[in-house]
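For reference, the chains in residue letters:
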Amino acid sequence: VILLILLVTAPFKITVNDVEQLNIYNDGLTPVYMRVADSADNGYPIYKWGYADSRGRVVIACIYDDVTEFKHGVAFVNYVEDKGDGVGENYWYLIDTSGNRRGSLNFFYSTELGASDPVGEFGDDDRLAPVYVGGKYGYINTRGEMAINAAYDEAGVFIDGDARVRLGPTAYFLNTKGEGLTGTRFDEERAFLGGYAAGKQNDLLVLLGRRGGILRRKQAT
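Residues numbered from 1 in each chain as written. Predicted model: local features only at pLDDT ≥ 70, side-chain atom pairs only at ≥ 80, totals over all residues. Heavy atoms only, no water.

Brief notes about the side chain of His72
Thought 1: Within the secondary structure, His72 is located in the loop between β4 (66–67) and β5 (74–84).
Thought 2: Among the polar contacts listed, one links the side chain of His72 to the backbone oxygen of Gly123, at a separation of 2.6 Å.
Thought 3: For His72, the contacting residues outside a window of four places in its chain are Asp27, Phe122, Gly123, Asp124, Asp125, Asp126, Arg127 and Thr142. (Helix = DSSP H or I, 4+ residues; strand = E, 2+ residues; numbered from the N terminus. Polar contact = N/O pair within 3.5 Å; in protein donor to acceptor, adjacent residues only side chain to side chain. Contact = heavy atoms within 4.5 Å.)

Right, dumping it as structure tokens:
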């Protein structure tokens, strides 16, 4: 309620994406968007994203085309740069809670991704996030550096220290050092949760423990 009053009485108009975002204050900030201009072509409003603090003040300017929530002190922001003649560059990069850029890497949107973004989420405890670079997935750390080289066709979020990746028809699990866990190559798989994961190998369902050790096998039905 207090936040709603602040948003209404603030000297600028900011808008949250949905009602649930009123409670999202990771690292003390929440994504907001503002109407910054009107299109010269058709007069439609132009909105940009930034971040507000718990007092409803925009502390990172609304200059981005899209943003993610902050986690571990960083967030991904999206910028569409107009190169003229209908040509633009659509890319994401990492910022900190002061709005300063982390690292120098840009992660460009690709039509190969469809509706997906070229950046993913940081793990709750593991400070690595999947990113799409040059047609493959790898992982970036919170300093904006590539921590695991882009070599995978799919890459999941780190959970309990491990992440599911796929290379060609084979899926397996990586640790935060980029090492494949022993015995975790599957035709199908499910991510680690609570220290366990499930997978399918040659029509056998298997239960994995930490470090990739197989705890149980069962014939698939």
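Considering the packing of aromatic side chains
Thought 1: Here the structure, examined in full by the defined rule, presents 11 aromatic pairs.
Thought 2: Arranged with centres 5.4 Å apart and planes meeting at 90°, the rings of Tyr33 and Tyr47 form a pair that is edge-to-face. Placement of the pair is Tyr33 in strand β1 (residues 30–38) and Tyr47 in strand β2 (residues 45–52), with a sequence separation of 14 residues.
Thought 3: Put simply, the rings of Tyr64, Tyr79, Tyr91, Tyr93 and Phe108 pair up and form one aromatic cluster.
Thought 4: The ring of Tyr93 has Arg101 lying over it, and the distance from NZ or CZ to the ring centre is 4.2 Å. (Phe/Tyr/Trp six-rings, centres within 6.5 Å; stacked < 30°, edge-to-face > 60°. Lys NZ or Arg CZ within 6 Å of the ring centre and 35° of its normal.)

Some remarks on the pairing of strand β3 (residues 58–64)
Thought 1: For β2 and β3, the ladder comprises three bridges, and the chain directions are antiparallel. Residue Ala52 lies in a different strand from β3, and its bridge partner there is Val58.
Thought 2: Counted between consecutive antiparallel strands, the loop separating β2 from β3 contains five residues, among which Gly56 sits at a positive phi close to 85°. (Pairing = 2+ DSSP bridges.)

Topic: the pattern of salt bridges
Thought 1: With the rule as written, the count across this model stands at nine salt bridges.
Thought 2: With its nearest N and O atoms 2.9 Å apart, the salt bridge here joins Lys48 to Asp65. On the criterion of sequence distance, the pair formed by Lys48 in strand β2 and Asp65 in the loop between β3 and β4 is long-range, its members being 17 residues apart.
Thought 3: Relative accessible area serves as the criterion here: at 18%, Lys48 is assigned to the buried category.
Thought 4: Between Arg143 and Glu145 there is a salt bridge, and its shortest N-O distance comes to 3.0 Å.
Thought 5: For Arg143, a relative accessible area of 52% puts it in the exposed group.
Thought 6: By sharing partners, the salt bridges in this structure join Glu154, Arg164 and Arg166 into a single network. (Salt bridge = Lys/Arg side-chain N within 4 Å of Asp/Glu carboxyl O. Buried < 20%, exposed > 50% of the residue type's maximum accessible area, 1.4 Å probe, protein only.)

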